[in-house]
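# Summary of structural features
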Amino acid sequence: MTPEATFDQRGWCRFAQDQALSRWVEAVVPVAMRATEDPDLVSAWLRCGGTWFAGVNALPNDARGAVPGGPELQGVAVDFIAARFGAQLWDRAQLSVIYPGYPREMPGESAAAFRFRRDRDAAHVDGLLPEGADRRRHLREPHGFVLGLPLNETSPEASPMVVWEGSHILMRDAFAAALADVPPADWGAVDLTDIYQATRRICFETCKRVTVHAAPGEAYVIHRLSLHGVAPWGEAADALRMIAYFRPELPQIGDWLG
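In this report, the structure presented in the accompanying data block is examined. (Residues numbered from 1 in each chain as written. Predicted model: local features only at pLDDT ≥ 70, side-chain atom pairs only at ≥ 80, totals over all residues. Heavy atoms only, no water.)

### A word on the sheet that holds strand β12 (residues 241-246)
To keep it simple, the criterion reads: Pairing between two strands requires that DSSP report at least two bridges joining them. A run of DSSP states H or I qualifies as a helix once it reaches four residues; a run of E qualifies as a strand once it reaches two. Both are numbered from the N-terminal end.
One open sheet holds the seven strands; their spatial order is β1-β10-β7-β12-β4-β3-β2, and the pairing between them is antiparallel. Strands at the two margins of the open sheet, each flanked by one partner only, are β1 (12-15) and β2 (46-47). Relative to β12, strand β7 (residues 145-150) runs antiparallel, the two being bridged by four bridges. By the bridge assignment for β12, Leu 147 is matched with Phe 246.

### Side note on the side chain of His 143
As a reminder of what qualifies: Any two residues having at least one pair of non-hydrogen atoms within 4.5 Å are treated as being in contact.
Of note, His 143 is situated in the loop between β6 (136-139) and β7. Among all residues touching His 143, those that are not within four sequence positions of it are Asp 126, Gly 127, Arg 224, Arg 247, Pro 248, Glu 249, Leu 250 and Trp 256.

### Some words on unusual backbone geometry
Residue Tyr 102 is joined to Pro 103 through a cis peptide bond whose omega torsion reads -5°. Tracing the chain through its elements places Pro 103 in the loop between β4 (94-98) and α5 (111-119). Within the chain, Asp 121 stands out as a residue other than glycine whose phi angle is a positive 60°.

### Here's the deal with the nonpolar core
For clarity, the cut-off: Here, nonpolar core means buried Ala, Val, Leu, Ile, Met, Phe, Trp, Tyr and Cys residues that are tied together by side-chain atoms lying within 4.5 Å of each other. Relative accessibility under 20% of the residue-type maximum defines a buried residue, over 50% an exposed one, and the middle range a partly exposed one, all with a 1.4 Å probe and only protein chains included.
Core analysis: the largest hydrophobic core is formed by 42 residues, its most contacted members being Trp 24, Leu 73, Leu 95, Leu 147, Leu 149, Leu 151 and Val 221. When contributions to this core are tallied by element, the ones reaching two or more residues are β1, α2 (19-36), β3 (52-53), α4 (76-85), β4, β7, β10 (219-223) and β12. Among the elements that make up this core, the one with the highest residue count is α2 (seven residues). Other than its neighbours up to four places away in sequence, Val 221 contacts Phe 7, Gly 11, Trp 12, Cys 13, Phe 15, Phe 80, Ile 81, Phe 145, Val 146 and Leu 147. Residues Phe 175, Val 190, Phe 204 and Leu 250 belong to the second largest nonpolar core, which totals 22 residues.

### Describing the pairing of β4
Counting buried residues in β4 gives five out of five residues, a clear majority hidden from the surface. Across the two faces of β4 the burial is the same, with Gln 94, Ser 96 and Ile 98 and Leu 95 and Val 97 all buried. Here two bridges tie β3 to β4, and the two strands are oriented antiparallel to one another. Residue pairing for β4: Phe 53 is matched across the bridge by Val 97. Alignment of β4 against β12, held across five bridges, turns out to be antiparallel.

### Structural notes on the sheet that holds strand β8 (residues 161-165)
For the record, the criterion: To define axes, lines are fitted to C-alpha atoms, for helices over the stretch in contact only, and angles between the resulting N-to-C directions are given on a 0 to 180 degree scale.
The antiparallel open sheet is built from three strands, whose spatial order is β9-β8-β11. Strand pairing shows two members of the sheet lacking a second neighbour, β9 (208-212) and β11 (228-230), which therefore form its edges. For this sheet, the mean angle separating the axes of adjacent strands, direction not counted, is 30°. Alignment of β8 against β11, held across three bridges, turns out to be antiparallel. Bridge pairing links Met 161 to Val 230 in β11.

### What to know about the pattern of salt bridges
As a reminder of what qualifies: Definition used for salt bridges: Asp or Glu carboxyl oxygen within 4 Å of a side-chain nitrogen of Lys or Arg.
Summed over all chains, the structure comprises ten salt bridges. Ionic pairing is found between Arg 172 and Asp 173, a salt bridge with its closest N-O pair at 3.5 Å. Judged by relative accessible area, Arg 172 falls into the partly exposed class, the value being 33%. For Asp 173, a relative accessible area of 42% gives the class partly exposed.

What follows is the structure, given as C-alpha cells:
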C-alpha cells in the first residue's frame, strides 16, 4: 500500500531512511543530549522513577524545525505531511527519552494508573487532557498528527511506540457522535471521558496492537485519533531510546474530526 492508504486504513505509516532527515538528526542529537542533562529540564520532565524524560518542547528548534546551526526539517515524511496537512510552522519538539527499567512507579501515582502504564502501554489519544481530581477528559490540544523521529539506534525491545491499528476510525466515529450537536467552538467544554474510555476498551478488544521500531533517519506519522502508547522496557533492550516528536495543533478545532 502507499503511505496515504496505509495511514488512512491503519492510522499510521512509516518512512524509510532519507539523507535530508539523516542530516537533520545528526545536527539535533548533540543538542538533544544537552537538553537531557540540563538540571532545570531534568527537574521538570524526569518521570517514572527516573526511567522517562518526557521533555515536552525541550528541543530548541525554530519554526523551520532547525536547531541552532542545523538544517531545517526536511525529508519524505515532511513532504507527506505538507501534502496531507499543509506546510508547517514547527513548534518546539518533545524529546522523549526512555531509560532501562521503564516504567517505575511515580510518587502519587495510583496503583491502577501504574498498572495501566505497565500493562496497557499508557494507551491514549493525544489532546484529551485529564483534569481535576477525577481526571475527566476534555479536548484541549487538537493536534493535527504525531511525527516521530528516532534520534539513536536501539533494539526493538527498547520501549517502542505502540499503535492500535484502525483505532482512529473507531475513535472518530465515537467522538463524532458525542459532538454531533455541539458547535466546534464548544467542543472543549464537553466531557469526553466516558465515551473515550468505552471506545478505548473496544479498541483493545478488536484492533491489532503493533510496535513501531525505527532507526535514525527514518520517520513515522500517527493519525491524531489513533490510540497509541509506549511499551515497557524489554529484557533484551540494549540502549536508551530517544525520539523527537512534533505535534502541531490544528489551526481550527473543527478540523479535528475531519
